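Below, each chain spelled out in residue letters.
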Amino acid sequence: MTLSTADAPTAGRVVPKWTRRRTWTVRILGIAALVSIVCTVWLGLWITPPDKVQHQLVRLLYIHPPIAWVALYCAFGIAALASILWLWPRTRSPLWDRLAASAVEVGAVFTALTLVTGSIWGRPTWGVWWAWDARLTSTALLFVMLLGYLALRRVPSDADTRSRRCAVAALIAAVDVPIVHFSVDWWKTLHQGATVLNANLSPTVHGSMAWTLLLGFVAFTLVFAWMLAMRLRIETLEQALEGAELDEALHERWAEGDASVGASARRTEPAEAAP
Amino acid sequence: MSYIVAGYAIALTTLAVYAGLLVVRRRRLERLAARVEDEQS
């Protein structure tokens with residue numbers, strides 16, 4: 001594995017220096033995410049008018065598609081890209097492995113929320129909590145694959161093997177993303193077609209509804225970015241502490257070894273000195 | 001309307017709880033890292 005200089009802990013420093021400089025950026029990102037989420041909720045629940053067809057239920061669509069956008073495209077896009085960068089020998093760095101792992105964990109939360117908010121919207125709209133529809137099934141499959149990735153990270157092995165296994169798993173799971181996206185076009189599904197990212201790229205939502213939906217996309221993307229930064233920091237700290245613990249254990253063993261060699265040398269010294 | 005409230009409540013509560021867990025985990029690890037750094041130096 002190639003270690004970049006940015007990842008290498010310096011003497012007396014467990015955590016790489018670069019992770020400390022970004023605290024203010026992450027704080028500002030967190031504040032922006034919070035403000036935009038509050039604005040989305042306010043517009044979505046109180047300001048926008050009810051829909052002609054879906055009536056009040058349209059309000060759920062100000063959070064469900066943005067959450068799905070983050071889960072499918074942001075989280076998976078980053079996880080897949082970081083996995084490719086880790087697998088490519090020229091760009092290999094532990095940072096990509098950590099980034100992929102962080103994106104997958106945050107993505108799993110958003111995928112679970114995509115399924116839950118979609119199900120809550122589907123119950124009054126379709127009359128059922130769940131249908132084995134192509135879009136729903138492929139998203140559920142994606143969620144299971146995400147859990148598989150997270151389980152794979154916990155399998156005991158050396159860092160290099162774990163990173164390789166996880167990178168391959170992330171790329172296998174990423175194959176499902178275009179299937180989820182195009183499932184409404186490829187098969188006859190209960191789930192409605194794309195409202196914004198449709199084949200003609202002409203959104204079928206307008207006015208205050210469109211602006212609220214757009215704000216929802218921005219808000220949840222900011223939330224994702226903040227969570228990813230936090231999770232990446234945690235992953236960096238965990239790996240740095242693992243390394244520090246290993247170093248400490250090795251030093252203890254060496255010290256024990258030195259002490260036992262010294263003691264045995266002292267025991268043999270009088271016998272050698274006697275003649 | 002109850003479905004809408006439930007949807008927003010579940011989504012926002014889950015994200016808030018996860019965000020809180022991230023903050024707690026980060027702080028705990030930072031304290032631990034600071035302690036290890038002190039011991040090493």
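Residues numbered from 1 in each chain as written. Chains lettered and ligands numbered in written order. Predicted model: local features only at pLDDT ≥ 70, side-chain atom pairs only at ≥ 80, totals over all residues.

Colleague: For the overall build of chain A, give the residues involved together with the corresponding values.
Modeller: If you tally the helices and strands in chain A, you get seven helices and zero strands. Ordered by position from N to C terminus, the α and β elements of chain A give α-α-α-α-α-α-α. The buried share of chain A, taken over its 275 residues, is 34%. (Helix = DSSP H or I, 4+ residues; strand = E, 2+ residues; numbered from the N terminus. Buried ≥ 20, exposed ≤ 12 C-beta atoms within 10 Å, placed from the backbone.)

Colleague: Talk me through the confidence of the model for chain B; I want residue IDs and the actual numbers.
Modeller: The predicted coordinates of low-pLDDT regions are not to be read in fine detail. Model confidence for chain B is summarised by a mean pLDDT of 90, while 100% of its residues fall at 70 or above. Per the prediction output, this complex has pTM 0.83; the corresponding ipTM is 0.93. (pLDDT = per-residue confidence, 0-100.)

Colleague: Tell me about helix α5 (residues 159-174) of chain A, and name the residues and values.
Modeller: Residues and elements named next belong to chain A. Taking 1.5 Å as the rise per residue, α5 with 16 residues should run 22 Å; its terminal C-alpha atoms sit 22 Å apart, in good agreement. For α5, the complete set of buried residues consists of S163, C166, A167, A169, A170 and A173. Each buried residue of α5 sits inside an arc of 165 degrees when the element is viewed along its axis, so together they form one side. Across from the buried face of α5, at angles greater than 90 degrees, the exposed residues are D160 and T161. (Expected span 1.5 Å × (residues − 1). Arc of directions from axis to C-beta.)

Colleague: Outline the nonpolar core, listing residues and values.
Modeller: In this structure, A75, A79, A100, A103, A170, V223 and F224 of chain A are the most contacted members of the largest nonpolar core, which totals 69 residues. Secondary structure elements with two or more residues in this core: α1 (23-47), α2 (64-87), α3 (94-126), α4 (134-153), α5, α6 (176-186) and α7 (207-273) of chain A together with α1 (2-40) of chain B. It is α7 of chain A that provides the largest number of residues to this core, a total of 16 residues. For A79 of chain A, the residues in contact, after removing those within four places along its chain, are A100, A103, V104, G107 and A170 of chain A. (Core = buried A, V, L, I, M, F, W, Y, C linked by C-beta atoms within 7 Å. Contact = placed C-beta atoms within 7 Å.)

Colleague: Explain the interface of chain A and chain B to me, using residue names and the numbers behind them.
Modeller: The interface of chain A with chain B comprises 31 residues on the first partner and 23 residues on the second. Within the residue set of the side of chain A that touches chain B, elements represented by two or more residues are α1, α3 and α7 of chain A. The element contributing the most residues to the side of chain A that touches chain B is α7 of chain A, with 11 residues. Broken down by class, the residue content of the side of chain A that touches chain B amounts to 22 nonpolar, three polar and six charged. (Nonpolar A, V, L, I, M, F, W, Y, C, P; charged D, E, K, R; others polar.)

Colleague: Just give me the short version of the environment of L214 of chain A, but keep the residues and values in it.
Modeller: Among the structural elements, L214 of chain A can be located in helix α7. For L214 of chain A and D160 of chain A, which are 54 residues apart along the polypeptide, the C-alpha to C-alpha distance reads 41 Å.

Colleague: How would you sum up the packing of α2 of chain A against α3 of chain A? Please name residues and give values.
Modeller: All names here are of chain A. Contact geometry of α2 with α3 gives a least axis separation of 8 Å together with a crossing angle of 160 degrees. Our classification of the angle between α2 and α3 gives roughly antiparallel. Viewed along their axes, α2 and α3 form a crossing whose handedness is left-handed. Taken together, the residues of the contact of α2 with α3 break down into 20 nonpolar, seven polar and one charged. (Axes fitted to C-alpha atoms, helices over the stretch in contact; angles between N-to-C directions. Parallel < 35°, antiparallel > 145°, perpendicular 65-115°, else oblique. Left-handed = near helix turned anticlockwise from the far one by under 90°.)

Colleague: Got a sec to walk through unusual backbone geometry? Specific residues and values, please.
Modeller: Residues and elements named next belong to chain A. The phi torsion at H55 lies on the positive side, around 55 degrees, for a residue other than glycine. Relative to the helices and strands, H55 is located in the loop between α1 and α2. When the 11 C-beta atoms within 10 Å are taken as the criterion, H55 is described as exposed.

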